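# Chains, contacts and geometry: an overview
Read off the chains here:
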Amino acid sequence: MNDVKAGLILSTLFTLIIVLIELFFRSKSNLRYFFTVSCCLYFIIMTIGNCASTLAAASVVNAVIKDQGYAGYVWFWYSLIGVFGFEVIIQNINVTFLNQGVLTLSTWINKAADAAAASIIRYAADSDVDEKQKIAETLVKKAGAQLQTYALQTLGANSYNQLATIMNSNPGIDPHLFLALALAEHDPKKARAIIKAK
Amino acid sequence: MMSLIARDLRDLLNALADENSKQVFQEILKSRILTKRQLSEHLKGIDVQVIDKSLRELKGVGLIDTKPAAISEWDKYFVTEEGLAAERALR
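Structure report, in brief. None of these values were measured; they are calculated from a predicted model.

The tally for this structure, following the rule as stated, stands at 17 salt bridges over all chains. As a salt-bridge pair, B:Asp65 and A:Arg122 come within 2.8 Å of each other at their nearest N and O atoms. Of this pair, B:Asp65 sits in strand S2 (residues 64-67) while A:Arg122 sits in helix H4 (residues 105-143), which puts the two residues in different chains. In the salt-bridge network here, residues are joined through shared partners; they are A:Glu22, A:Arg26, A:Asp114 and B:Arg88.

Encoded structure:
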């Protein structure tokens, strides 16, 4: 494998790490929610940018060190300078049309990152509601009459009393489902443990 | 298109001009996703109806969205793409 190909592969790996860290901090969500179309798009955009700047870095590195007889891991420098060079490019390149600033490159990249992070957050919220709903429904079926005891133990007297007040003031609420949802939201691990034990 | 962006921006700024809405938005921003119940626990000083009104306003301008649960106490409120952009603008 030649040095440029190795540099491009390493740049793709660097991009993957950078994108994961970036999206983790923006979305504050678990990695399992990262498989969305917007995330893939953001990764592709960043990979293209980083690979392009890696190719540009290769010619610079060749001119500076390789032609002087350096025989080390030159592909590593292609990649390192390329990836960090792209960060500099992002911060400094402005797109203009008829002398009017349209958008800076960093604005475009931020928009793509926001879209990716928002898709993760939405996916996490959707999955979480569905998951807790399933836990609560199973809990209602399995725990039966003991549900109130489990809820009181898990939530504590204060929270339980607050929930009891809400249930009493809303006769339409199914008390079992309400407590099961409270339990699933408050401590999903314990809720799963109760289900497993039954 | 520019006027549309300006109008949206004005709506966003108006929504966040209200101190309660701003507090609610900042609380959701911290965790990215919160249930209505968690919100009322975190914002004990604010009345539940005021929180509801703020949530409706923030949702109306697109800063947050919601995933309804079987019981509204556990509806999930989460930050949208516009919300994340607004967070950066507020910094």
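From this point, things continue past the structure.
So, on to the environment of A:Gly82. Residue and element names in this part refer to chain A. Within the secondary structure, Gly82 sits in helix H3 (residues 74-92). In this structure Gly82 comes out as buried when scored by relative accessible area, which is 0%. Non-local contacts of Gly82, meaning those with residues more than four positions away in its chain, are made with Asn50, Ser53, Thr54, Ala57 and Trp77.

What follows deals with the interface of chain A and chain B. If you look at the interface, chain A gives 31 residues, while chain B gives 22 residues. Overall, the association of chain A and chain B removes approximately 2100 Å² of surface from exposure, summing both partners, and the carbon and sulfur fraction of that is 63%. Ranking the residues of chain A by area buried against chain B places A:Asp114, A:Ile121 and A:Val129 at the top, with a combined share of 23%. At the boundary of chain A with chain B, the tally comes to five salt bridges. The tally of links between chain A and chain B comes to seven residue pairs in polar contact (both at pLDDT 80 or more). Elements that contribute at least two residues to the side of chain A that touches chain B include exactly helix H1 (3-27), H4, helix H6 (157-169) and helix H7 (175-186) of chain A. A per-class count over the side of chain A that touches chain B returns 15 nonpolar, five polar and eleven charged.

Of note in this structure, A:Lys28 is not a glycine but carries a positive phi near 50°. Considering the arrangement of structural elements, one finds A:Lys28 in the loop between H1 and helix H2 (37-64). Judged by relative accessible area, A:Lys28 falls into the partly exposed class, the value being 45%. The residue B:Arg32 is not glycine, and still its phi comes out positive at about 75°. By the secondary structure assignment, B:Arg32 is in the loop between helix H2 (19-31) and strand S1 (33-35).

Analysis parameters
- Residues numbered from 1 in each chain as written.
- Chains lettered and ligands numbered in written order.
- Predicted model: local features only at pLDDT ≥ 70, side-chain atom pairs only at ≥ 80, totals over all residues.
- Heavy atoms only, no water.
- Salt bridge = Lys/Arg side-chain N within 4 Å of Asp/Glu carboxyl O.
- Helix = DSSP H or I, 4+ residues; strand = E, 2+ residues; numbered from the N terminus.
- Buried < 20%, exposed > 50% of the residue type's maximum accessible area, 1.4 Å probe, protein only.
- Contact = heavy atoms within 4.5 Å.
- Buried area = accessible area lost by both parts, 1.4 Å probe.
- Polar contact = N/O pair within 3.5 Å; in protein donor to acceptor, adjacent residues only side chain to side chain.
- Nonpolar A, V, L, I, M, F, W, Y, C, P; charged D, E, K, R; others polar.

No statement about biological role is implied by the geometric values presented.
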